Amino acid sequence: MRWKTAGKLLTGAGIGVFITFLASLRLIPETTPVEEVLALYLLGLAIGAAAFGVRGWEFRASPVAYLGGMMAIVAVTLISEVSEVTAAKLFAVILTSVLALGIYRPTGVTDALLAGPVYFGGVATALAVEGALDLLKSVETMVGTVFVGIIGTMAAFLTAALSLMIPTKPEKPKP
């Protein structure tokens, strides 16, 4: 699979999970088992990936944001297993998860605008999987993952938007 196709699928997956998350806030009761919520998220992931996979779009920053959101939640969970979760560690996780967005610059405005919601889609995917596997045991882990999800979403969007605005080639000075 080529990177261009994988980028479309990952971006669609992130948007699908993000939309499913927004719909679940209103439509799914709080007493719904985590396994059913995970199944709904995976359905949204599949529908989003299928919808974006057939389009002719190209994304570079959004798929990296999706993977960054997933890896950030995994990192917070792993940190909570071996040590105390502190604000400094959470900010380090956020910084690390959006660092690649400075390297993989957006292909356009749409790619930059989608980076934030797609990051949150990655966060929601990882949280649903970890919840179904019963890995979120302590309150500090749960609070840390929500913090990383919200602040990381904003950081992903701002990083993608700023990297889009910064020129890649320096202009020659005029005499």
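A brief look at the structure comes next. Note that the structure is a prediction, hence the values are computed from the model and not measured.

As a further point, take the packing of helix H2 (residues 34–53) against helix H5 (residues 109–132). Between H2 and H5, whose axes approach to 9 Å, the crossing angle comes to 145 degrees. In terms of crossing hand, the pair formed by H2 and H5 is left-handed. Contacts between H2 and H5 involve Val 34, Glu 35, Leu 38, Tyr 41, Leu 45 and Phe 52 from the first element and Leu 114, Ala 124, Thr 125, Ala 128, Val 129, Gly 131 and Ala 132 from the second. Grouping the constituent residues of the contact of H2 with H5 by class yields 10 nonpolar, 2 polar and 1 charged.

Let us now look at the packing of aromatic side chains. On inspection of all chains with the given rule, the structure shows 6 aromatic pairs. For the pair Phe 52 and Trp 57, a centre-to-centre distance of 5.1 Å together with 70 degrees between the ring planes defines the contact as edge-to-face. Here the aromatic rings of Phe 91 and Phe 147 are separated by 5.3 Å at their centres, their planes lie at 90 degrees, and the arrangement is edge-to-face. Highlighted residues: Phe 91 in helix H4 (residues 87–103) and Phe 147 in helix H6 (residues 139–165), separated in sequence by 56 residues.

Assignment of secondary structure puts Glu 130 in helix H5. Notably, Glu 130 is buried but unbridged: the nearest opposite-charge side chain belongs to Lys 137, and the N-O separation is 11 Å. A distance of 2.6 Å separates polar atoms of two side chains, one belonging to Glu 130 and the other to Thr 77. Once residues lying within four places of it in the same chain are set aside, the contact partners of Glu 130 are Ile 73, Val 74, Thr 77, Leu 135 and Leu 136.

This part is about the environment of Arg 2. Here Arg 2 is to be found in the segment before helix H1 (3–27). Note on Arg 2: relative accessible area 57%, which makes it exposed. As a C-alpha pair, Arg 2 and Ala 124 span 122 residues in sequence and 25 Å in three-dimensional space.

Ranked by internal contacts, the top residues of the largest apolar core, which has 21 residues, are Val 98, Leu 101, Tyr 119 and Val 148. Going through the elements one at a time, helix H3 (61–82), H4, H5 and H6 are the ones with two or more residues in this core. The element best represented in this core is H3, accounting for 6 residues. Discounting chain neighbours no more than four positions away, the residues touching Tyr 119 are Ala 65, Tyr 66, Gly 68, Gly 69, Ala 72, Ser 97, Val 98, Val 148, Gly 149, Gly 152, Thr 153 and Ala 156.

At a closest axis distance of 8 Å, the pairing of H3 and H4 adopts a crossing angle of 155 degrees. What the angle tells us is that H3 and H4 run roughly antiparallel. Like other packed secondary-structure pairs, H3 and H4 cross with a definite hand, here right-handed. Here Ala 61, Val 64, Ala 65, Gly 68, Ala 72, Ala 75, Val 76 and Ile 79 of H3 lie close against H4, whose contacting residues are Lys 89, Leu 90, Val 93, Ser 97, Ala 100 and Leu 101. A class-by-class count of the residues in the contact of H3 with H4 yields 11 nonpolar, 2 polar and 1 charged.

Reading the values: the criteria
Residues numbered from 1 in each chain as written. Predicted model: local features only at pLDDT ≥ 70, side-chain atom pairs only at ≥ 80, totals over all residues. Heavy atoms only, no water. Axes fitted to C-alpha atoms, helices over the stretch in contact; angles between N-to-C directions. Helix = DSSP H or I, 4+ residues; strand = E, 2+ residues; numbered from the N terminus. Left-handed = near helix turned anticlockwise from the far one by under 90°. Contact = heavy atoms within 4.5 Å. Nonpolar A, V, L, I, M, F, W, Y, C, P; charged D, E, K, R; others polar. Phe/Tyr/Trp six-rings, centres within 6.5 Å; stacked < 30°, edge-to-face > 60°. Buried < 20%, exposed > 50% of the residue type's maximum accessible area, 1.4 Å probe, protein only. Lys, Arg positive; Asp, Glu negative; His and termini not counted. Salt bridge = Lys/Arg side-chain N within 4 Å of Asp/Glu carboxyl O. Polar contact = N/O pair within 3.5 Å; in protein donor to acceptor, adjacent residues only side chain to side chain. Core = buried A, V, L, I, M, F, W, Y, C linked by side-chain atoms within 4.5 Å. Parallel < 35°, antiparallel > 145°, perpendicular 65-115°, else oblique.

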